[in-house]
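These are the residues of each chain, in order.
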Amino acid sequence: MANKLISEIPLPKSIANVFAARNISTAKDALSLTEFELMELLDVGLTEVRSALSQISEIIAPPYQTALSLMEQRFQNEHLGGHFPTGLKGLDATLCGGIPFGVLTELVGPAGIGKTQFCLKLSLLASLPANYGGLDGRVIYFDVESKFSSTRLLEMGLRSFPEIFQMKEMAQEMAGRILVLRPTSLSEFTQHLQQIKVSLLQNQVKMLVIDSMTALVSGEHEQGSHKQQTLSWHISFIKSLAELSRIPVVVTNQVRSHNQNEAPHYSFQVQSRDATIETPSRYGSHLVAALGIHWAHAVTTRLVLEAKSGQRFIKVAKSPISPPLAFPFHISSLGILLLSDEGMELMGPEINSIHCQGHNEIINFGMESLD
Amino acid sequence: MEIWRPPISASQRGKLISAGYTSLSSLSSISSSDLARELKVSESEALDILKVVSHSRGLEISNASCSIVEGAQNAWDMLHDEESLMHLTTSSADLDNILGGGIHCKEVTEIGGVPGIGKTQLGIQITVNVQIPHDFGGLGGKAIYIDTEGSFMVERAFQIAEACIEDMSEYNRFLRKDFQACEIRMQPKDILENIFYFRICSYTEQIALINYFDKFISEHKDVKVVVVDSVTFHFRQDFDDMALRTRVLSGMALKLMKLAKKFSLAVVLLNQVTTKHTEGSFQLALALGDSWSHTCTNRIVLYWNGNERYAYIDKSPSLRSASAAYSVTARGIRNSSSSCKRIKMM
């Protein structure tokens, strides 16, 4: 919409010619300048500039919808009103049905906690037909770190839905719906994204999984704030992709260690930093989500997976619709299972902190039970 | 007054200067036909120039009317206007208190905070609260919600609307025990119907929409609040030219202020947070830079303090710097439930 040509907008001939003569060909160029700048550039009066701008703006401005029609539209057209059930009852209940369509959902946690397992299970569920709670469509899985395991996927399928996966043709059909891409660089990833955007709807793609977003950036040699710049186009693109096609997008993120002194505060908070208000997250948590604060703003739902006192938890850290609950889980041959559907409510910024205690023991234990 | 002040186009100005008219007083006694001949333009164009010029001069010298400068209002009259100004409640009494009653109409308020602190929640709460009828002390108006990030969740708006209606019924039952006629007939669906939702995908659309609002709000006069969630998103990327970004942002802020004053509505802009490296350490600051921080009238920062969510008045022409606790519940924004809450004066 922004790149709409001025020549396509019904303006009076005289001013349209002047725009063309001064090389202002798209609406974006015209709207980026102030009224006086346009007057100087085009050499026309203020009233003409104002009326031209208001005509251009009226065409470019998106149409509105009332919130009511938005809701009705979603409930009529979409599976469960726009939610993808994960099969984890407690989590689905708190997310009002499941992973929301049209927005980014992030899974963040330390290495080995179960993010890829969760992604595999979700891909499996998405490929299933609707009567099994699936989206009955294709899944595009960006496997940046080469962690995708078909064996594991089919094992999960066989254990969770034996009636489907015992038949070889059905297993082949379901597994055939999951398309795995392995981009080796950020530019390759960009190309894939652009290709996907074009063919998403025709090819019945119902979910996008990116595992992991961090690995894409860490491969690049730029560092510091440049990392943010590198990703901002992608963040914007993926979000618009999710919205236009109304599919759930699941992205995994890694953690990085966090310098205790680095806890940033606002300038007006400086006085209280020495006082006894100590953020509980400081105790035992030296990890924060990677990718920075711009990314944290861009995701709509953030699910934190962590290990605390030998128990794994999945926490709803950021969600427009859910209270801050934490559910204990473990990983079995069926994938991720919640140990309790009643979540514990966590107060304050504790919900955002990422712990990694007693984790190593869990890994060994987990490996044994996967036999 | 010099010739370059009034809004006439560059070529007209050039012709005036080359014909010898360098100041406005030199044009005071000339007729339009003489001017047309001197400048070698059509008579209608000359007439337009004279009109614009005399209007500009009129602003300077007219004191025949009761005001010395046209368009000014004296402070005493403004006091009356300010006192009769309506406030928009946030549903948290503590927050309303430090805001002097609520979000001010006719002003632009910027609200920023870290992800997950409740900005979108507050935005949705405001779009619901603006619809509270006059009988209950509200504005009884409609709301515009501009979504730049896709964070608006309809289900949540429904939840908050339901809770608001329940609260109103409670209040009704409590106060007007005998007055059955004031039964709440509002349904959450009616509230959702009065929220105009716009989804913006680029900064060009954002500018275009704000330009278009003049016409849109003239047609929908009962719109009383415009919430932009968030004003930052499209300006944080694809801008290599920072000077252009500053100009575009300030142009947008001015237009919003004009809209707020013209239609007596409240404008709420939600902003994100960035880390700034100052004085040897990283500090949090609202995004979009220092020039942007000057453009909004009021600025509220939402932050975590221990386990509580707090709001701090960072900038306001009439309110003290204070902070108050609030909480985000299933029913929306409410007062913080902790017992040791108190309003901290900074």
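Quick note: structure is the one above.
Residues numbered from 1 in each chain as written. Chains lettered and ligands numbered in written order. Predicted model: local features only at pLDDT ≥ 70, side-chain atom pairs only at ≥ 80, totals over all residues. Heavy atoms only, no water.

**Regarding the overall build of chain A**
- Looking only at helices and strands, chain A features 16 helices and 16 strands.
- Within chain A, buried positions represent 53% of all 371 residues.
- Carbon and sulfur atoms form 53% of the exposed surface of chain A, whose accessible area is close to 16,700 Å². (Helix = DSSP H or I, 4+ residues; strand = E, 2+ residues; numbered from the N terminus. Buried < 20%, exposed > 50% of the residue type's maximum accessible area, 1.4 Å probe, protein only. Areas by Shrake-Rupley, 256 points an atom, 1.4 Å probe, with all protein chains shown as cover.)

**Side note on the overall build of chain B**
- Within chain B one finds 11 helices and 14 strands.
- Burial analysis of chain B (346 residues in total) assigns 53% to the buried set.
- Counting contacts in chain B only where the partners sit at least 6 residues apart, residues at least 24 apart contribute 62% of the total.
- Here chain B has roughly 15,700 Å² of accessible surface; of this, 53% comes from carbon and sulfur atoms. (Contact = heavy atoms within 4.5 Å.)

**Here's the deal with unusual backbone geometry**
- A cis geometry characterises the amide bond from Asp 211 of chain A onward to Ser 212 of chain A, with omega recorded as 0 degrees.
- Following the sequence through the fold, Ser 212 of chain A ends up in the loop between strand E7 (205-211) and helix H12 (213-218).
- Across the junction of Asp 229 of chain B and Ser 230 of chain B, the peptide omega takes the value -10 degrees, indicating a cis bond.
- Its location among the elements puts Ser 230 of chain B in the loop between strand E6 (223-229) and helix H10 (242-263).
- For Ser 146 of chain A, which is not a glycine, the phi torsion comes out positive at approximately 55 degrees.
- When you line up the elements, Ser 146 of chain A lands in the loop between strand E5 (138-143) and helix H8 (150-160).
- Positive phi, close to 60 degrees, is recorded for Lys 40 of chain B, a residue that is not glycine.
- Position of Lys 40 of chain B among the secondary structure elements: in the loop between helix H2 (32-39) and helix H3 (43-61).

**A look at the layout of surface pockets**
- In this model, the second largest pocket occupies a volume close to 770 Å³.
- For the second largest pocket, the lining is made up of 26 residues, of which Glu 35 and Arg 50 of chain A together with Asn 211, Lys 255 and Lys 258 of chain B are closest to its centre.
- Of all elements in the fold, only helix H3 (35-42) and helix H4 (46-60) of chain A together with helix H9 (203-219) and H10 of chain B reach the threshold of two or more residues within the lining of the second largest pocket.
- With 9 residues, H10 of chain B is the largest single contributor of residues to the lining of the second largest pocket.
- The residue makeup of the lining of the second largest pocket, split by class, is 12 nonpolar, 5 polar and 9 charged. (1 Å grid on protein atoms, 1.4 Å probe; cavity = no way out; pocket = protein on both sides within 12 Å on 5 of 7 lines; lining within 4 Å. Points joined across faces, edges and corners; volume = space filled by probe spheres on them. Nonpolar A, V, L, I, M, F, W, Y, C, P; charged D, E, K, R; others polar.)

**Some thoughts on the environment of Arg 37 of chain B**
- By secondary structure assignment, the location of Arg 37 of chain B is in helix H2.
- For Arg 37 of chain B, a relative accessible area of 61% puts it in the exposed group.

**Brief notes about the interface of chain B and chain A**
- The interface of chain B with chain A comprises 68 residues on the first partner and 61 residues on the second.
- Among the salt bridges present, the one from Lys 215 of chain B reaches Glu 58 of chain A, with a minimum N-O distance of 2.8 Å.
- For the pair chain B and chain A, the number of links is 15 residue pairs in polar contact (both at pLDDT 80 or more).
- Among the elements that make up the side of chain B that touches chain A, the one with the highest residue count is H9 of chain B (10 residues).
- Looking at side-chain class alone, the side of chain B that touches chain A contains 34 nonpolar, 21 polar and 13 charged residues. (Salt bridge = Lys/Arg side-chain N within 4 Å of Asp/Glu carboxyl O. Polar contact = N/O pair within 3.5 Å; in protein donor to acceptor, adjacent residues only side chain to side chain.)

**A short note on the sheet that holds strand E9 (residues 281-286) of chain B**
- Strand order in the open sheet made by the 3 strands is E10(A)-E9(B)-E8(B), with mixed pairing throughout. What marks the edges here is a single partner per strand, and that holds for strand E10 (265-266) of chain A together with strand E8 (273-278) of chain B.
- Where E10 of chain A and E9 of chain B come together, 2 bridges link them in parallel fashion. Within E9 of chain B, the residue paired with Tyr 266 of chain A across the bridge is Leu 284 of chain B. (Pairing = 2+ DSSP bridges.)

Functional significance is not addressed by these values, which are geometric in nature.
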